[in-house]
Amino acid sequence: MIFHAFLIKYAEIAIKGKNRYLFEDALVKQMRIALSKVEGEFRVTKEQGRVYVFCPEEYDFDEAVEALQKVFGIVEICPVVIYEDQGFEQMAKDVVSYMHARYPEYAGTFKMYTRRAKKSYPMTSMEVSAEIGGRILDEFPNASVDVHEPQLTVSVEIRDKIYVYSDSIQGPGGMPIGTNGKAMLLLSGGIDSPVAGYMIAKRGVKIEAVYFHAPPYTSERAKQKVVDLARLVARYSGPIRLHIVNFTDIQLYIYDQCPHDELTIIMRRYMMRIAEHFAQKDKCLGLITGESIGQVASQTLQSLAATNEVCTLPVYRPVIGFDKQEIVEISRKIDTFDTSILPYEDCCTIFVAKHPVTKPNLHVIRKSEQKLEEKIDELMEEALRTTEIIEVE
């Protein structure tokens, strides 16, 4: 069966009151961007409280659905067959033909749902549903009506033409990208941070990213792995500006000057400072990390408080209460897991202490950082100056 359009259903957008049109416009924009990568001319429109995608005569159905399933804000994707409005009798025949083509010899329960966008239509919605439901029962004697918990809902929308649909393909939910500001993701080569970026983007936040590279201790393959992860997240979030910071000299200096049990915390604090620099420069409203309480030594409440202390922007940690398996499940769903587990280590794992402090004392950490004052500003300026920026799509 050839589907002529998709009806797009959303949830939260519907309760946005006077600002609803802004969210709808953002959703339409993101859908157009997603479908621009699919061969064929698709037309995305808002019509009387509905969002439709009108399809070309020939297109790849699966590819179009896959593109729409990566657009945040979409809850359901309903493939639609469109018929000319030639009166009720022809409409009833068209719906029965639709049933024969879509569900031959249907023997389950169903209900009819009719929506009259064209209010001048001579029959009410209830009358149309009752009449067409009767015709379906005549054609499918083993079927039965259940208006409360049907196995199948056949929907008819009466507009300038007749829209018929019965399938519902799950969308990603969330809010359209760009409706809730912008934030900077600290992206590593691990499992957690790509998931964190995905989850914040799902709430309508446009994301940028920063990655801390430590050549020659981390390889070009490790860097490419992070670029690949950014590209996988960008399928949902839209294009990501990725800042690749050469962190080697800063790490070595900290390693030489500071107690080794404090290395992870102090390095993390300088990462947060650098990430915030780029975030403020690009007008981001916060930082995003993939930290989860207690997962590693640098993610105890005391450690998180120590890293937070250097930031003026808020730090968002969407996986903070998740256990590892929950994070892994999301990473599999968004196809980042297999890339995340590739054996190319990042700078955090290379310079990790054997026995890191788990309950850092802020007074002690600040005192240790005083040992860096002679040279750290110069190293920071050099790291900022030599940062590589890649536009990832």
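Look a little higher up for the structure.
In this text, all values refer to a predicted model and were calculated from it rather than measured experimentally.

Draft legend 1. Structural context of the packing of aromatic side chains. Tallying each qualifying case throughout the model produces twelve aromatic pairs. Among the aromatic residues, ring-to-ring pairing joins Phe3, Phe6, Phe42, Tyr59 and Phe61 into one connected group. Just above the ring of Tyr103 sits the side chain of Arg102; from NZ or CZ to the centre is 5.8 Å. Arg332 extends its terminal NZ or CZ atom over the ring of Phe337, reaching a point 4.0 Å from the ring centre.

Draft legend 2. How the structure looks around the sheet that holds strand 14 (residues 315-316). Pairing in this open sheet of six strands is mixed, and the strands run 14-13-10-11-12-15 from one edge to the other. Both edges of this open sheet fall to strand 14 and strand 15 (388-392), since each of them pairs with a single strand only. Each of strand 11 (206-213), strand 12 (240-246) and strand 15 is contacted by helix 6 (residues 220-237), which is oriented at about 160 degrees to strand 12, the strand it contacts most.

Draft legend 3. The nonpolar core, seen in detail. Core analysis: the largest hydrophobic core is formed by 52 residues, its most contacted members being Phe6, Met31 and Met91. Among the elements that make up this core, the one with the highest residue count is helix 3 (residues 88-102) (seven residues). Excluding residues that lie within four positions of it along the chain, Met31 makes contacts with Ile8, Val44, Val51, Val53, Leu68, Val71 and Ile74. Counting 34 residues, the second-largest nonpolar core is a separate cluster that includes Ile250, Tyr253, Leu263 and Val315.

Draft legend 4. Main features of the packing of helix 7 (residues 248-257) against helix 14 (residues 376-385). Close contact between helix 7 and helix 14 brings their axes to 9 Å; oriented N to C, the two are set at 160 degrees. Between helix 7 and helix 14, the crossing angle belongs to the class labelled roughly antiparallel. In this structure, helix 7 crosses over helix 14, and the sense of that crossing is left-handed. Contacts between helix 7 and helix 14 involve Asp249, Ile250 and Tyr253 on the former and, on the latter, Ile376, Leu379, Met380 and Ala383. Here the residues of the contact of helix 7 with helix 14 sort into six nonpolar, no polar and one charged.

Here is what the cut-offs are and how they apply
- Residues numbered from 1 in each chain as written.
- Predicted model: local features only at pLDDT ≥ 70, side-chain atom pairs only at ≥ 80, totals over all residues.
- Heavy atoms only, no water.
- Phe/Tyr/Trp six-rings, centres within 6.5 Å; stacked < 30°, edge-to-face > 60°.
- Lys NZ or Arg CZ within 6 Å of the ring centre and 35° of its normal.
- Pairing = 2+ DSSP bridges.
- Helix = DSSP H or I, 4+ residues; strand = E, 2+ residues; numbered from the N terminus.
- Contact = heavy atoms within 4.5 Å.
- Axes fitted to C-alpha atoms, helices over the stretch in contact; angles between N-to-C directions.
- Core = buried A, V, L, I, M, F, W, Y, C linked by side-chain atoms within 4.5 Å.
- Buried < 20%, exposed > 50% of the residue type's maximum accessible area, 1.4 Å probe, protein only.
- Parallel < 35°, antiparallel > 145°, perpendicular 65-115°, else oblique.
- Left-handed = near helix turned anticlockwise from the far one by under 90°.
- Nonpolar A, V, L, I, M, F, W, Y, C, P; charged D, E, K, R; others polar.

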